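Breakdown of the fold
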Amino acid sequence: MELYSSTRIAVHRLSPLLSPLSLPALSLPLSSFHRCCSSSSSSSSSLRLPARLRLAHSRSRAVFFSCRSMAAMEGGGAPAAAEAVAAPAPVEDLEDVGVGSVRQQVVNLVREALAATVPDVEGLEPQVAQCGNPKNGDYQCNNAMGIWSKIKGQGAPFKNPNAVGQALAANIPRTSVTERVSVAGPGFVNISLSDRWIEKKLHQLLSQGVGAWAPKLSYKRVVVDFSSPNIAKEMHVGHLRSTIIGDSLCRMLEYCGVDVLRRNHVGDWGTQFGMLIEYLFEEFPNWEEIGDQAVGDLQDFYKRAKIKFDVDAAFKDKAQKAVVLLQGGDPNYRAAWKKICDVSRKSFDQVYKRLNVTLEEKGESSYNEYIPRVVKELEEKGLVEDSEGARVIIVPGQNIPLILVKRDGGFNYASTDMTAMWYRLNEEKAEVMIYVTDVGQNQHFDMVFKAAKRAGWLPANESELPRARHVGFGLVLGEDGKRFRTRSSEVVRLVDLLDEARDRSKQGLVERGREGEWSAEELEEACQALGYGAVKYADLKNNRLTNYTFNFDQMLDIRGNTAVYLLYAHARICSIIRKSGKDIEDLKPTGKLQLQHPSERALGLQLIRFGEFVEDAATDLLPNVLCEYLYTLSGMFTDFYTNCKVVGSEEEVSRLLLCEATAVIMRECFKLLGIKPLYRL
């Protein structure tokens, strides 16, 4: 059976019965097209189309016409230039700017056009992207060629992809969103947004807040497993990357309305604790009276215990027995374990406080009581096998198995991670689980995820829910191209690293004379925002999969793609508004924002696209996408301010509102990246 009837075709929202390609090539704003079609005046001063081209203003309805009336659509190759196509009559309130990202709103229009143009083709999803060349339009629908490949030779009323594109363009619902729709080449449908609609979106931002632009994702609850340092060890630059990247992803998902469970899967269990507890007992018999001082410096405490473990056979034997006592619940060993964990948490909190990061600790020990139950479930499903005395799960595509139970009957990382996943799915009801660790753990998580699929916990199709994703990241390198360490090859303490960034920022502010202009509190607030923000942005602006070189001079540079430059750019906008002498809050409800200069429109368009960049960054789990957007936005504001006088101009109110809209979006970008904005510098 042919996909299309050979006698007549159903077409929605196209009235009267005109084939788009039977019209002469037009380059006409849709608003003007609407006026010239509806006008009853014959005055020469009004724009009129020939009678044969006038469109009736009927409500959206289905009509039928024969294949013969599609003859023009079936003929002819792709035109050399884009051809404008009239959209159907309005079906939405022209005052309604909608919610969500702009691209999602354009996608909804294209989805309707797809349903009207090829109603019998299943599984079509709108392919909408920004136009590569702004001269062609703002967005482009690229479905035509894909549709043509599906319907070619099946009696379709289209002769080529361009004809498909023409039909799609004609069926895009007429709303206040679009100004112009045209078709170019092999069916690329270019969509230009209405200037008036962009202005309304900006007014929406200023009156309702940036929350109205939040994109809608396909899931509601997510567990993000990030930071996850090891107890009794200092946090290093690897934990810095995990903490910064994980926090930014949480912020973006939360902005999109997702319930995010921020999990700190600390390494608070394992054989190393027998060594640490036994060392504490031997070196500090009165450790309970001494308190935190018994542990002292975490890194030094761990190193001294490890040295003794490696060289003292008797101590090693005691440490191994201590593990058994700890896991068996001996109160003295549990109390010592708790003390070591508490000292570590205080050290971690110094980093989290500086970075303004919040997490809920749910360490490895939290899942101990569930491990036997999970192992039993996996055994009952026939997934667990014996291998040289260990209990393992065979993982497709891997040369080694996933060890679930060790030879001695003990559990390991795989036991805990499988159990944590079971808990997150069954107890916390997570739809998505995100693990933020270095790329060196790719294989481990690949094995865990595949084992979960074998168990039926995760679907085979990764596009379905629930799903698990590993967010890997590269190394932090020193200027010598090697792993970032101190000159003595020691791991760099994160607190020291962050404080150095703060101190360098303070020195820069002092050199610019700010110490004499600001209070001590203002100076401290600014140097923290600059220093900590610089470290975060230097990490986030890179694709997380790549290594990056840690360089204070580069990240604190006031020029280029740095947090310092962007914070100065935001402060400059705030200064422009202050110098006007006007209260921007008074202007928001009464002032009119108009995009008259090309630089104004370019800036306005970039602003209203904020939501889709957040959507891309959150979907692909790539914070650098948002960094690129922010840096581009800053450049566009510079172009606008260079070309358009603000204070003292006839357009002052409108341009002040555009300045404020830019500042609002920049602040939201800073918030999602975990950076504190500054209002003067």
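We now turn to the structure provided with this report. None of the values given here were measured: they were computed from a predicted structure.

When its secondary structure is counted, the protein shows 24 helices and 17 strands. Buried residues in the protein amount to 54% of all 681 residues. On the protein, roughly 30400 Å² of surface is accessible, and the fraction owed to carbon and sulfur atoms is 48%.

Turning our eyes to something else, we now look at the pairing of strand 6 (residues 178-184). Working note: regular strand, side chains alternate between the two faces of the sheet. Counting buried positions over the seven residues of strand 6 gives six, a clear majority of the element. Relative to strand 7 (residues 188-193), strand 6 is paired through six bridges, and the arrangement is antiparallel. The partner of valine 183 across the bridge, within strand 7, is valine 189. From the end of strand 6 to the start of strand 7, which pair antiparallel, there are three residues, and glycine 185 there has a positive phi angle of about 55°.

For the rest of this paragraph, the subject is the sheet that holds strand 10 (residues 360-361). Strands pair in a sheet through their backbones, by hydrogen bonds, and they do so in one of two ways: parallel or antiparallel. Pairing in this open sheet of five strands is parallel, and the strands run 10-9-8-14-15 from one edge to the other. Two strands lie at the open edges of the sheet, namely strand 10 and strand 15 (467-473), each paired on one side alone. Pairing of strand 8 (residues 221-225) with strand 14 (residues 432-438), which is carried by four bridges, proceeds in the parallel orientation. Across the sheet, residue aspartate 225 finds its bridge partner in strand 14, namely tyrosine 435. Docked against the sheet, helix 15 (residues 442-454) engages strand 14 and strand 15, running at close to 180° with respect to strand 15.

The next thing to look at is unusual backbone geometry. With an omega dihedral of -5°, the bond running from leucine 465 to proline 466 counts as a cis peptide bond. When you line up the elements, proline 466 lands in the loop between helix 15 and strand 15. The backbone of serine 228 sits at a positive phi, close to 50°, despite the residue not being glycine. Of note, serine 228 is situated in the loop between strand 8 and helix 7 (237-255). Here alanine 232, not a glycine, exhibits a phi torsion of approximately 70°, which is positive.

Spatially, the three strands line up as an open sheet ordered 11-12-13, and their pairing is antiparallel. The open sheet has two free edges, formed respectively by strand 11 (384-387) and strand 13 (402-405), since each of these has just one partner strand. Going from strand to strand, the sheet's axes swing by 45° on average, the running direction of each strand aside. When strand 12 (residues 390-393) meets strand 13, the two strands line up antiparallel, connected through three bridges. Bridge pairing in strand 13 links arginine 391 to valine 405.

With that settled, consider the packing of helix 8 (residues 272-283) against helix 12 (residues 331-355). Viewed as axis vectors pointing N to C, helix 8 and helix 12 meet at an angle of 95°, and their least axial separation amounts to 10 Å. It follows that helix 8 is roughly perpendicular to helix 12 by the angle criterion. On helix 12, the residues that touch Phe273, Leu276, Ile277, Glu278, Leu280 and Phe281 of helix 8 are Asn332, Tyr333, Ala336, Trp337, Ile340 and Cys341. Its residues placed into classes, the contact of helix 8 with helix 12 shows 10 nonpolar, one polar and one charged.

So, on to the environment of aspartate 480. With respect to the secondary-structure elements, aspartate 480 resides in the loop between strand 16 (476-477) and helix 16 (494-511). On the basis of relative accessibility, which here comes to 56%, the residue aspartate 480 falls in the exposed class. A sequence separation of 69 residues divides aspartate 480 from threonine 549, and the C-alpha atoms of the two residues are 8.9 Å apart. Among the polar contacts made by the side chain of aspartate 480, one reaches the main-chain amide nitrogen of lysine 482 at a distance of 3.0 Å.

Here we take up the packing of helix 3 (residues 102-117) against helix 5 (residues 161-171). Remark: helix 3 packs on helix 5, axes separated minimally by 8 Å, with the N-to-C direction vectors making an angle of 120°. The pairing of helix 3 with helix 5 is recorded here as oblique in orientation. The chirality of how helix 3 crosses helix 5 is right-handed. Of the residues in helix 5, those in contact with Ala113, Leu114, Ala116 and Thr117 of helix 3 are Ala167, Leu168 and Asn171. Among the residues making up the contact of helix 3 with helix 5, the classes are represented as five nonpolar, two polar and no charged.

Along an α-helix, a turn takes 3.6 residues, which lines up residues three or four apart on a common side. With 12 residues, helix 8 extends 17 Å between its outermost C-alpha atoms, agreeing within 8% with the 16 Å of an ideal straight helix rising 1.5 Å per residue. Of all the 12 residues making up helix 8, nine are buried; the element is thus mostly covered by neighbouring parts of the structure. Within helix 8, the full set of buried residues consists of Gln272, Phe273, Gly274, Met275, Leu276, Ile277, Glu278, Tyr279 and Leu280. Those residues of helix 8 that are buried are in contact with helix 9 (287-290), helix 10 (298-311), helix 11 (313-327) and helix 12.

What follows deals with the pattern of salt bridges. Overall, the coordinates contain 46 salt bridges when judged by the stated rule. Put simply, arginine 391 and aspartate 386 hold a salt bridge, and the shortest N to O gap is 2.7 Å. Notably, a salt bridge pairs glutamate 652 with lysine 582, separated by 2.5 Å at the nearest N-O pair. Placement of the pair is glutamate 652 in helix 24 (residues 652-673) and lysine 582 in the loop between helix 19 (563-579) and helix 20 (584-590), with a sequence separation of 70 residues. Residue class for lysine 582 comes out partly exposed when judged on its relative accessible area of 35%. A network of salt bridges, in which partner residues are shared, links Asp247, Arg251, Glu254 and Arg262.

Judged by how many residues are buried, helix 22 (residues 610-620) sits mostly within the fold: eight of 11 residues are covered. Three or more residues of helix 22 are buried, namely Phe610, Gly611, Glu612, Phe613, Val614, Glu615, Ala617 and Ala618. At the exit of helix 22 stands leucine 621, carrying a positive phi of roughly 55°.

The next point concerns the nonpolar core. Judged by nonpolar contacts, the single largest core of 173 residues is most densely connected at Leu193, Leu202, Leu253, Phe610 and Ile665. In this structure phenylalanine 610 touches Val210, Trp213, Tyr255, Leu626, Tyr629, Ile665, Glu668, Cys669 and Leu672, once residues within four positions along its chain are discounted. Within the second largest apolar cluster, 35 residues are counted, among which are Val223, Tyr367, Val374 and Val384.

For strand 7, the tally of buried residues reaches five of six residues, placing the bulk of the element in the interior. Bridge analysis of strand 5 (residues 139-141) against strand 7 gives three bridges, and the strand direction is antiparallel. Considered in strand 7, the bridge of glutamine 140 is made with asparagine 190.

The rules behind the values
- Residues numbered from 1 in each chain as written.
- Predicted model: local features only at pLDDT ≥ 70, side-chain atom pairs only at ≥ 80, totals over all residues.
- Heavy atoms only, no water.
- Helix = DSSP H or I, 4+ residues; strand = E, 2+ residues; numbered from the N terminus.
- Buried < 20%, exposed > 50% of the residue type's maximum accessible area, 1.4 Å probe, protein only.
- Areas by Shrake-Rupley, 256 points an atom, 1.4 Å probe, with all protein chains shown as cover.
- Pairing = 2+ DSSP bridges.
- Contact = heavy atoms within 4.5 Å.
- Axes fitted to C-alpha atoms, helices over the stretch in contact; angles between N-to-C directions.
- Parallel < 35°, antiparallel > 145°, perpendicular 65-115°, else oblique.
- Nonpolar A, V, L, I, M, F, W, Y, C, P; charged D, E, K, R; others polar.
- Polar contact = N/O pair within 3.5 Å; in protein donor to acceptor, adjacent residues only side chain to side chain.
- Left-handed = near helix turned anticlockwise from the far one by under 90°.
- Expected span 1.5 Å × (residues − 1).
- Salt bridge = Lys/Arg side-chain N within 4 Å of Asp/Glu carboxyl O.
- Core = buried A, V, L, I, M, F, W, Y, C linked by side-chain atoms within 4.5 Å.

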